[in-house]
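Coordinate analysis (summary)
Below are the chains, spelled out letter by letter.
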Amino acid sequence: MRDGNMHIAYLECTLCGERYSADQVRYVCPKHGDQGILDTIYDYKEIAASTNPQLLSESRDLSIWRYSELLPLENPRTSAPPLQVGWTPLYSAARLGAKLGLPHLLIKDDGRNPTASFKDRASAVVVAKARELGVETITTASSGNAGAALAGLAAAAQMPAVIFVPQTAPQAKVAQLLMFGAQVLLIKGTYDQAFDLCLAASEEFGWYCRNTAYNPYTVEGKKTAAFEICEQLTFVPVGAKHPDSQSGVVTLEAQRTASPLQKWRAPDRIFVSVGDGNIISGLWKGLRDLSALGWIDKMPRLMGVQAEGSAACYNAWRAGTEQIAPVDAHTIADSISVGLPRDGRRAVRAVGATNGAYLTVTDEEILAAMRDLARHAAVFAEPAGAAAYAGVVKAAREGLAKSDETVVCLITGNGLKDIASAMKAAGEARVIELELDEVRRAVKL
Ligand SMILES: *Cc1c(COP(=O)(O)O)cnc(C)c1O
Ligand SMILES: [Zn+2]
């Protein structure tokens, strides 16, 4: 079956397995409401007939749209908002990894997206979908980054956006929303409450709703990170022995070989922080797509990292259940401060199915991870981004990750998003008199 230019076969309820055609349902399984999150299943034979790793390696489109054949859109050539999302750098972080006994550590910096977080991947796909559906206004609830991403991508598409965020969102994220011209509604309540109000408003006013996981295509945008990791691993050097691994930057050209590229390369583990559980579900979805196409030979273990004070998925995984019990969330990492993960069931499944694990980290460990990442790999992450690296540190210490494994740590947001936390991690700068002696006393090299 084929919908226009899309290769979607059907949408499948992750709870009951019921299948729907893509034009039959807009959001969730009608039988299960917001528990009935949908997976998008493609016709992989059709995709394999129109693209492959070699063709993709020749693509000059350095954005998520290089994977258009694997995205749920009719015609991204015209519907994709004109803002460059994705194809973020994958750095060999051999020096940082060596300190942990993980010489094959790589860092993917998704803070390098246009609104400085991973959420741009989902928002780009959802805005493109909104344009194809012909809806006029788009909306989302957000703890900050999803809203900033939607506001930015809606601005690129000249589409009005209404964003619901908790009043407590970091100022930089609210500044982004206002700057991009979104209608910003600060909620006297939590992200979870903003989510429900946004849903009600989208039903009442007919706005297209991007709410994480409720909209089946957020995960489809987020899966592009898994594609990039496996494609970039075919040319990014891994490990301390490689001459370029100090800088970690290698061009596509340098690694091009004569024989056609048949397959991509999957890492052994991917570490990612988890709030709603939509990013980790997206990574898993991307990896499942690649397995179905035969483009990767193994399934990486997904390592979900949660803040100790916001560990609903971790708790369910520990208890061996997909039933998520809500928690009273509190952590410095606002982007993963989630009481009731909206994609929790699938997020627990992603870790179980890939033989991965969940870990928790404290706020102190997150602040230390922010410093180490910035000082030893020059990647400035917001707390929720650095949490993934705090998880790598913990896994290395506990022998969960091994020295011969290729380990990817996904940094999901830029540190300028939350200056208050950065100052907490980095300490205060020193004020001196206008005297050379003061300089001599103050500088320690
Ligand atoms: C949203 C977000 C996460 C967590 O993603 P979920 O899909 O909610 O699990 C992690 N880090 C940053 C920076 C985010 O914005
Ligand atoms: Zn269902």
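Preceding block: the structure.
Since the model is a prediction, treat every value here as computed from it, not as a measurement. The written sequence of each chain sets the order in which its residues are numbered from 1. Think of it this way: whatever chain is written first is A, whatever ligand is written first is 1, and the rest follow in order. Selection of residues for local features in this predicted model requires a pLDDT of at least 70, selection of side-chain atom pairs for listing and counting requires 80 or more, and totals for whole chains, interfaces and linings are taken over all residues. Heavy atoms from the whole structure form the basis of all side-chain values; hydrogens and water molecules are not counted.

**Some remarks on the site of ligand 1**
Definition in use: What makes a residue near a molecule or strand is one non-hydrogen atom of that residue sitting within 4 Å of it. A 3.5 Å cut-off defines polar contacts: any pair of N or O atoms within that distance qualifies, except that in protein one atom must be a possible hydrogen donor and the other a possible acceptor, and neighbouring residues in sequence count only when both atoms are side-chain atoms. Accessibility throughout is a Shrake-Rupley quantity obtained with a 1.4 Å probe, and a residue counts as covered only by protein chains that appear here. Only protein atoms enter the 1 Å grid used here. Points where a 1.4 Å probe fits but cannot escape make up a cavity, open sets with protein on both sides within 12 Å along at least five of seven lines make up a pocket, and a residue lines them when an atom lies within 4 Å of a point. Throughout, a molecule is located in a cavity or pocket provided that more than half of its atoms lie within 2 Å of its grid points. Note on residue classes: Ala, Val, Leu, Ile, Met, Phe, Trp, Tyr, Cys and Pro are nonpolar, Asp, Glu, Lys and Arg are charged, and everything else, Gly too, is polar.
As a matter of local geometry, ligand 1 sits amid 16 residues, with K119, G275, D276, G277 and T412 nearest to it. At 2.6 Å from an oxygen atom of ligand 1 is found a side-chain nitrogen or oxygen belonging to K119. One of the side-chain N or O atoms of N145 is found 2.8 Å from an oxygen atom in ligand 1. Here ligand 1, which alone exposes 380 Å², has 98% of that area covered by the protein. Placement of ligand 1 is best described as lying within the largest cavity. Of the residues assigned to the shell around ligand 1, the class counts are four nonpolar, eight polar and four charged.

**Structural notes on the coordination of the zinc ion (ligand 2)**
Stated formally: Water is absent from the atoms considered, so a metal site may look incomplete; donors are defined as N, O and S atoms within 2.8 Å of the metal, or 3.2 Å for Na, K and Ca. Secondary structure elements follow DSSP: runs of H or I of four or more residues count as helices, runs of E of two or more count as strands, with numbering from the N terminus. Per-residue accessibility, obtained with a 1.4 Å probe over protein chains only, is compared with the maximum for each type, and a residue is labelled buried under 20%, exposed over 50%, and partly exposed between these values.
In this structure, C13 (SG), C16 (SG), C29 (SG) and H32 (ND1) serve as the protein donors to the zinc ion (ligand 2), at separations of 2.1 to 2.4 Å. Linear spacing of the donor residues for the zinc ion (ligand 2) on their chain is C-x2-C-x12-C-x2-H. In this pair, C13 sits in strand β1 (residues 8-13) while H32 sits in the loop between β2 (19-20) and β3 (38-42), placing the two residues 19 residues apart along the sequence. Judged by relative accessible area, C13 falls into the buried class, the value being 2%.

**Details of the packing of aromatic side chains**
The condition that has to hold: Paired rings are identified among Phe, Tyr and Trp, the last through its six-membered ring, by centres lying within 6.5 Å, and are further divided according to the angle between planes into stacked (under 30 degrees), edge-to-face (over 60) and tilted (the rest). A ring is considered to have a charge above it if a Lys NZ or an Arg CZ atom is located within 6 Å of its centre and within 35 degrees of its normal.
For the coordinates displayed, the defined rule picks out 11 aromatic pairs. An aromatic cluster is built from Y67, F227, W264 and W295, whose rings are joined through pairwise contacts. The lysine or arginine in question, R66, covers the ring of W87, its NZ or CZ lying 4.1 Å from the ring centre. Here R342 stacks its cationic end above the ring of F195, 3.8 Å away from the centre of that ring.

**A look at the sheet that holds strand β7 (residues 161-166)**
Rule in force here: Here a strand pair is declared whenever DSSP counts at least two bridges between the two strands. Whether two residues are in contact is decided by their heavy atoms, any of which lying within 4.5 Å being enough. Fitted lines through C-alpha atoms give the axes, limited to the stretch in contact for helices. The angle between two N-to-C directions lies from 0 to 180 degrees.
Sheet architecture is open: four strands sit in the order β8-β7-β6-β9, paired in parallel fashion. Strands with a single pairing partner mark the edges of an open sheet, and in this sheet they are β8 (183-187) and β9 (208-209). Relative to β9, strand β6 (residues 138-141) runs parallel, the two sharing two bridges. When the bridges of β9 are listed, I138 appears paired with Y208. Relative to β6, helix α6 (residues 145-156) is tilted by about 165°, and along the sheet it contacts β6 and β7.

**Focus on the sheet that holds strand β4 (residues 90-92)**
If you trace the six strands from one edge of the open sheet to the other, you get β4-β5-β13-β10-β11-β12, paired in mixed fashion. The open sheet terminates on both sides in strands that have one partner only, identified here as β4 and β12 (357-361). Strand-to-strand twist across the sheet, computed as the mean angle between neighbouring axes with direction ignored, equals 25°. When strand β11 (residues 301-307) meets β12, the two strands line up parallel, connected through five bridges. When the bridges of β12 are listed, G304 appears paired with Y358. Across the face of the sheet, helix α10 (residues 224-232) comes into contact with β4, β5 (105-109), β10 (269-273) and β13 (407-411) while running at roughly 135° to β5. Running at roughly 95° to β12, helix α15 (residues 363-377) makes contact with β5, β11, β12 and β13 of the sheet.

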